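Coordinate inspection notes
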Amino acid sequence: MPKIKTSRASKAEYPTKVDWQVPLRGDNGEWYPIIRVGRHVPFGYKQDEDDPDLLVPIPEELELLEKAKLFLQEYSLRDVARWLSQQSGRYISHVGLDKRVRIEEKRRRASSNYRNYAKKYKEAARKAEKIEKDRLGGRATKRIYGDGWSDSPSDSEASGD
């Protein structure tokens, strides 16, 4: 029976900063280098010899990591981490694998939420603009006369009766 996770990777209400980017892939499947912001080098990357702040992708390890994520649906973290270490020749603990998967999932969810908020914002802005155009100047052009709203006084109100 799979273990249900209830703890979150971060205590923040919303993502406040990006520690490291989810591995970026090009249209042809190539992996891009990322900037190093922490002290650890993530699995699937190595430090660039020329620039200590740049992490160069190791495509074989990143491909194995993607395959390992699929295996997590059927196998335990310990088994998948052991398999990944044997296949890649680079050690990754079950805790490290779990942390990597949780962080990537959290960031994927956050980016999806940001896209949805942007779409809702655009729709709300479009509707607000339409309402403003329909109002033709808003409340300043409307005055209360008699029992309802109208743009000009009726004859009885104009005469002062």
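The text that follows walks through the structure, step by step, so that each part is easy to find. (Residues numbered from 1 in each chain as written. Predicted model: local features only at pLDDT ≥ 70, side-chain atom pairs only at ≥ 80, totals over all residues. Heavy atoms only, no water.)

As for the pairing of strand β3 (residues 54–57)
Of the two faces of β3, only the one carrying Leu55 and Pro57 is buried; Leu54 and Val56 on the other face are not. With two bridges joining them, strand β1 (residues 34–35) and β3 adopt antiparallel strand pairing. Looking at the pairing, Ile34 lines up with Leu55 of β3. Relative to β3, strand β2 (residues 45–47) runs antiparallel, the two sharing three bridges. Counted as the bridge partner of Lys46 is Val56 from β3. Linkage of β2 to β3, two consecutive antiparallel strands, is achieved through a turn of six residues. (Buried < 20%, exposed > 50% of the residue type's maximum accessible area, 1.4 Å probe, protein only. Helix = DSSP H or I, 4+ residues; strand = E, 2+ residues; numbered from the N terminus. Pairing = 2+ DSSP bridges.)

Points about helix α2 (residues 77–88)
Taking 1.5 Å of rise per residue, the twelve residues of α2 would be expected to cover 16 Å, and the 16 Å separating its terminal C-alpha atoms lies within 8% of that figure. Within α2, burial applies to Val80, Ala81, Leu84, Ser85 and Ser88. Across the axial projection of α2, the buried residues extend over an arc of 135°, all falling on one side. For α2, exposure combined with an orientation more than 90 degrees from the buried face picks out Arg78 and Gln86. Downstream of α2 by one or two residues, Gly89 has phi in the positive range, about 80°. (Expected span 1.5 Å × (residues − 1). Arc of directions from axis to C-beta.)

Overview of the packing of aromatic side chains
Scanning the model with the defined rule gives two aromatic pairs in all. With 6.3 Å between their ring centres and 85° between their planes, Phe71 and Tyr75 make a pair best called edge-to-face. By relative accessible area, which is 29% here, Phe71 ends up partly exposed. Aromatic pair Phe71 and Trp83: ring centres 4.9 Å apart, planes at 80°, arrangement edge-to-face. (Phe/Tyr/Trp six-rings, centres within 6.5 Å; stacked < 30°, edge-to-face > 60°.)

So, the sheet that holds β1
The antiparallel open sheet is built from three strands, whose spatial order is β1-β3-β2. With one partner strand each, in any of the chains shown, β1 and β2 form the two edges of the open sheet.

Things to note about the nonpolar core
Formed by Phe43, Leu64, Leu65, Ala68, Val80, Ala81, Leu84, Ile92 and Leu97, the largest nonpolar core amounts to nine residues. Secondary structure elements with two or more residues in this core: α1 (59–71) and α2. In contact with Leu84, not counting residues within four places along its chain, are Phe43, Leu64, Leu65, Ala68, Gly89, Arg90, Ile92 and Leu97. Among the nonpolar cores identified, the runner-up in size contains five residues, and Trp31, Ile34, Tyr45 and Leu62 belong to it. (Core = buried A, V, L, I, M, F, W, Y, C linked by side-chain atoms within 4.5 Å. Contact = heavy atoms within 4.5 Å.)

Regarding the packing of α1 against α2
The N-to-C vectors of α1 and α2 enclose an angle of 160°; their axes lie 10 Å apart at closest approach. With respect to each other, α1 and α2 are oriented roughly antiparallel. Crossing angle aside, the handedness with which α1 passes α2 is right-handed. Residues Glu61, Leu64, Leu65, Lys67, Ala68 and Phe71 of α1 touch α2, and the partners they reach there are Val80, Trp83, Leu84, Gln87 and Ser88. (Axes fitted to C-alpha atoms, helices over the stretch in contact; angles between N-to-C directions. Parallel < 35°, antiparallel > 145°, perpendicular 65-115°, else oblique. Left-handed = near helix turned anticlockwise from the far one by under 90°.)

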